[in-house]
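Fold and geometry: a report
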Amino acid sequence: LKPMVQWMKSLGMDDSQVAKTITKFPHLMGSYSLEENLKPRVRWLKSLGLDDSQVAKTIMKFPHLMGSYSLEENLKPRVQWLRSLGLDDSQVPKTIMKFPQLMGCSLEENLKPMVQWLKELGMHDSQVAKTITSFPQLMGCSLEENLKPMVQ
């Protein structure tokens, strides 16, 4: 446990932030390898343009990002999808920082239907990209339970 806590502190977290992160996702402490799971994800987040403090904030907001999702099968495809919508290299990390839970949303069941619905409302591609960048939390809302009833 000590190496994991030290590693989290090395990212810039203080004791209370480490405690809150562990409380949100206790599996972080025993189920994932520092070398095989956590450090590669941090390197990947940094390669997207996040600095140490942004990585720490992202982990604190959504610690599941560090272990619950495959880097190759889940996280990287979501970033590629964001780029395919027109988000540029500066917008992708900002979007992840604002709403890291986006990286845990299903492409097929959540994200693509949401974009399709936004387009059906009359948004152009650039407007969809701006909406996702400005308010990525929208992508975590339920279309059927929240958004469609509000618009109808």
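What counts, and where the lines are drawn
Residues numbered from 1 in each chain as written. Predicted model: local features only at pLDDT ≥ 70, side-chain atom pairs only at ≥ 80, totals over all residues. Heavy atoms only, no water. Helix = DSSP H or I, 4+ residues; strand = E, 2+ residues; numbered from the N terminus. Rg over C-alpha atoms; globule rule 2.2 N^0.38 Å. Buried < 20%, exposed > 50% of the residue type's maximum accessible area, 1.4 Å probe, protein only. Contact = heavy atoms within 4.5 Å. Areas by Shrake-Rupley, 256 points an atom, 1.4 Å probe, with all protein chains shown as cover. Lys, Arg positive; Asp, Glu negative; His and termini not counted. Charge placed at Lys NZ, Arg CZ, Asp CG, Glu CD. Core = buried A, V, L, I, M, F, W, Y, C linked by side-chain atoms within 4.5 Å. Patch = residues over 30% accessible without salt bridge, like charges linked within 9 Å, V, L, I, M, F, W, Y side chains within 5 Å. Salt bridge = Lys/Arg side-chain N within 4 Å of Asp/Glu carboxyl O. Polar contact = N/O pair within 3.5 Å; in protein donor to acceptor, adjacent residues only side chain to side chain.

**Observations regarding the overall build of the chain**
- On a plain count of helices and strands, the chain comes out with 9 helices and 0 strands.
- Written out in order from the N terminus, the α and β elements of the chain read α-α-α-α-α-α-α-α-α.
- Relative to the compact-globule value of 15 Å for 152 residues, the chain shows a C-alpha radius of gyration of 16 Å, a close match.
- C-alpha extents for the chain along the principal axes are approximately 50 × 30 × 25 Å.
- Going through the 152 residues of the chain one by one, you find that 41% of them count as buried.
- For the chain, contacts bridging at least 24 residues in sequence account for 71% of all contacts bridging at least 6.
- Summing over all exposed atoms, the chain offers an accessible surface of approximately 8,200 Å²; the carbon and sulfur share of this is 50%.
- Taking the 19 positively charged and 16 negatively charged side chains of the chain as two groups, their mean positions are separated by 6 Å.

**A look at the environment of L102**
- By secondary structure assignment, the location of L102 is in the loop between α6 (91-98) and α7 (107-120).
- It is 9.9 Å that separates the C-alpha atoms of L102 and V79, two residues lying 23 residues apart in sequence.
- Ignoring anything within four residues of it in the chain, the contact list for L102 reads R78, L82, T95, L111 and M139.

**Thoughts on the nonpolar core**
- Membership of the largest hydrophobic core comes to 50 residues, with the highest contact counts inside it found for W7, W44, I59, W81, I132 and M139.
- Ranked by the residues each element gives to this core, the list is headed by α7, at 6 residues.
- Among residues more than four places away in sequence, those in contact with I132 are W81, L82, L85, L87, T95, V115 and M139.

**Some words on a nonpolar patch on the surface**
- A contiguous nonpolar surface patch, about 320 Å² in accessible area, is contributed by L121, M150 and V151.
- Its location among the elements puts V151 in helix α9 (residues 143-151).

**Quick look at the side chain of R78**
- Within the secondary structure layout, R78 lies in helix α5 (residues 71-84).
- The buried charged residue R78 lacks any salt bridge partner; its closest oppositely charged side chain belongs to E108, at an N-O distance of 8.7 Å.
- Among the polar contacts listed, one links the side chain of R78 to the backbone oxygen of N74, at a separation of 2.5 Å.
- The contact partners of R78, leaving out residues within four places of it in the chain, are E73, L102, M103, G104, C105, S106, L107 and L111.

**Digging into the environment of M66**
- Here M66 is to be found in the loop between α4 (52-61) and α5.
- A residue is classified by how much of its surface remains accessible, and M66, at 0% relative accessible area, is buried.
- Taking the C-alpha atoms as reference points, M66 and R41, separated by 25 residues in sequence, lie 6.4 Å from one another.
- With residues near it in sequence (within four places) discarded, M66 still touches W7, L28, N37, L38, R41, V42 and I59.

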